[in-house]
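These are the residues of each chain, in order.
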Amino acid sequence: MPKYSNLQVIQSALKAGSTSCEKLVDYYLARIEKQQALNIYIETFAEEARTRARALDQKYREAPSSVGPLFGMVVSIKDVLCYKDHKLSAASKMLHNFTASFSATAIERILAADAIIIGRTNCDEFAMGSANESSYYGPTRNAIDPTRVPGGSSGGSAVSVQADTCLAALGSDTGGSVRQPASFCGLVGMKPSYGRISRYGLLAYASSFDQIGIIANSVADTAILLEIMAGADEFDSTVSAEAVPAYSQHLSFPGKAKIAYFGEAMQHEGLDPEIKKQSFDFIEALRGAGHQVAAVDFEYLAYLVPSYYVLTMAEASSNLSRYDGVRYGHRTATATSLEEHYRKSRTEGFGEKVKRRIMLGTFVLSVGYYDAYFKKAQKARRLIQDRILQVLADYDFIIMPVTPSVAWKIGEKQGNPVEIYLSDIYTVLANLTGLPAIAFPLGKNKNGMPFGIQLMSAKFTEKNLLSFANTITQNLR
Amino acid sequence: MKVDKPLISKLENLAKLALSDEEKTQLLTDMNDILSMVEKLDHLDTEAVAPLIHMSDQPQVLRKDEIKHELSKEEALKNATAKVDPFFTVPKVIDLD
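Keep in mind that what you see is a predicted model, and the values were worked out from it rather than measured.

Enquirer: So what's going on with the pairing of strand 2 (residues 74-78) of chain A? Residues and values would help.
Expert: Residue and element names in this part refer to chain A. Counting buried positions over the five residues of strand 2 gives five, a clear majority of the element. Pairing of strand 2 with strand 3 (residues 116-121), which is carried by five bridges, proceeds in the parallel orientation. Across the sheet, the residue bridging to Ser76 is Gly119, located in strand 3. What joins strand 2 to strand 3 is helix 4 (residues 105-112), and the crossover it makes is right-handed. As paired elements, strand 2 and strand 4 (residues 168-173) share three bridges and run parallel to each other. Across the sheet, the residue bridging to Ser76 is Ala169, located in strand 4.

In structure tokens:
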């Protein structure tokens, strides 16, 4: 159990004078020190966090009402978010010496709200992976069982909260990279709607999928962070101007909900029987609480992972073409021609899994294969989105498992990449459709490994999603 | 679709990579496995379906074309391994002989 389970507890303690920002930072830094073997952080910002904490304590002493809404919140940031004058590597050799020249909008906003950033967390290289095993800095370990993976790609983000080294974490979710590790670590993980949070300063992986996401112990902390980060930004043309509700003030869902689940997803042969049973039990509990839950047909389940991988690999190959070793990034020491410079710098800088995706992405975008693979996947995406929007016209939420299994052993799934890709079956849907989704803890298997369940809702209905998730997590378990 | 070594070499060239023989052999297996998983999409009738290209259904909002977040010359150059102030440098591309 974390010492402080949410921001409200911390802010009450700060008001009562029983703690201070400086004490909080010292506590979390001591936790980081103690949990070094889990390999959570690529770098901590210890001195800077202490200095900032002292300044915030001073600000509070002088005028208690002058502090921002995130006063007392200590967060970690995934190593794909730019923080001015701090290193940023995407857990890749390619960027191991890179220093950000500006801060991401999301980072600027949490700082302006008086959050404290304690360090940058480990992740899969360029956020591509489901187990945090492809980092240049080695794997992060699950704090519940350090022989197991924490999930990925925001694995370090999840363990940073799980191991009580900070209160909340910012990650990124392209196909489940926030929700899946949250599920593997027993936490709340949220991917907002496409365009809800500005991506200015987020390293691009697959631009029609990427969203900044949040991992926390509670729905309430997720809500306040989303509220602070979301909304229009003139530095990201893909962010929505849609008004941002005060999510943190609407955490009680009024009335009863209409919820759909997909029989095909719940009966899927790959789904762990313990997860299946507890998911069905949860559906019964929802019914018992007066909500309407119905099975709905979804004929596209088998096409989710194929269309997701075609499109994200294509977008990744395009986005990662910027790493040419000239203006930044790894540069080979041995090239004599420009062509050789590009090839060697990229080959030496990228890890094996990243190169595989670049090659496949290049393939599906190349002349002769573009229509058969890339365009075909774009068409599949249209069919999938239309069907989901149709379901959400009749239902408030779609409920689904987050992952087909609990966290696996480190090194266990190193062989066939297809096996790992297929484990993304339940999470990629939200990214393919641009819809918001929240994962929260459901139970544990007989070995004590946690797993979650997730809810999806219509675009920009995060207020409903958060209030419902909060209401049912408080009342049903 | 079956990926072979000549196709790998062509893609390697397009992607500006220089893979070892060992990496190419591994990639051959992996790419074929992944493509046979992906080819499940062929079962889907998409004849009359328009590709989904943009995820936002909202009009693009452009800001005024003013210079903001400008980087100084030093800032812009600081992450480059090879530079001759004020330029980034690359291996020689023009041969005057």
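Enquirer: I'd love a proper account of the interface of chain A and chain B, names of residues and values included.
Expert: With 73 residues of chain A at the contact, the number on the chain B side is 55 residues. On inspection of chain A and its partner chain B, the count reaches five salt bridges. Here Arg356 of chain A and Asp30 of chain B are joined by a salt bridge, their closest N and O atoms 3.0 Å apart. Broken down by element, the side of chain A that touches chain B gets its largest block of residues, 11 residues, from helix 13 (residues 370-394) of chain A. For the side of chain A that touches chain B, the class distribution of residues is 35 nonpolar, 20 polar and 18 charged.

Enquirer: Please set out the packing of helix 10 (residues 301-319) of chain A against helix 13 of chain A residue by residue, giving values where relevant.
Expert: Two numbers describe a pair of packed helices, the interaxial angle and the distance between the axes. Residue and element names in this part refer to chain A. The N-to-C vectors of helix 10 and helix 13 enclose an angle of 130°; their axes lie 9 Å apart at closest approach. Relative to helix 13, helix 10 is oriented oblique. Helix 13 is crossed by helix 10, and the crossing has left-handed handedness. Counted together, Tyr303, Leu304, Ser307, Val310, Leu311, Ala314 and Glu315 of helix 10 and Tyr373, Phe374, Ala377, Gln378, Ala380, Arg381 and Ile384 of helix 13 form the full contact between these two elements.

Definitions and limits used
- Residues numbered from 1 in each chain as written.
- Chains lettered and ligands numbered in written order.
- Predicted model: local features only at pLDDT ≥ 70, side-chain atom pairs only at ≥ 80, totals over all residues.
- Heavy atoms only, no water.
- Buried < 20%, exposed > 50% of the residue type's maximum accessible area, 1.4 Å probe, protein only.
- Helix = DSSP H or I, 4+ residues; strand = E, 2+ residues; numbered from the N terminus.
- Pairing = 2+ DSSP bridges.
- Right-handed = clockwise from strand over helix to strand, strands pointing away.
- Contact = heavy atoms within 4.5 Å.
- Salt bridge = Lys/Arg side-chain N within 4 Å of Asp/Glu carboxyl O.
- Nonpolar A, V, L, I, M, F, W, Y, C, P; charged D, E, K, R; others polar.
- Axes fitted to C-alpha atoms, helices over the stretch in contact; angles between N-to-C directions.
- Parallel < 35°, antiparallel > 145°, perpendicular 65-115°, else oblique.
- Left-handed = near helix turned anticlockwise from the far one by under 90°.

On their own, these measurements won't tell you what the molecule is for.
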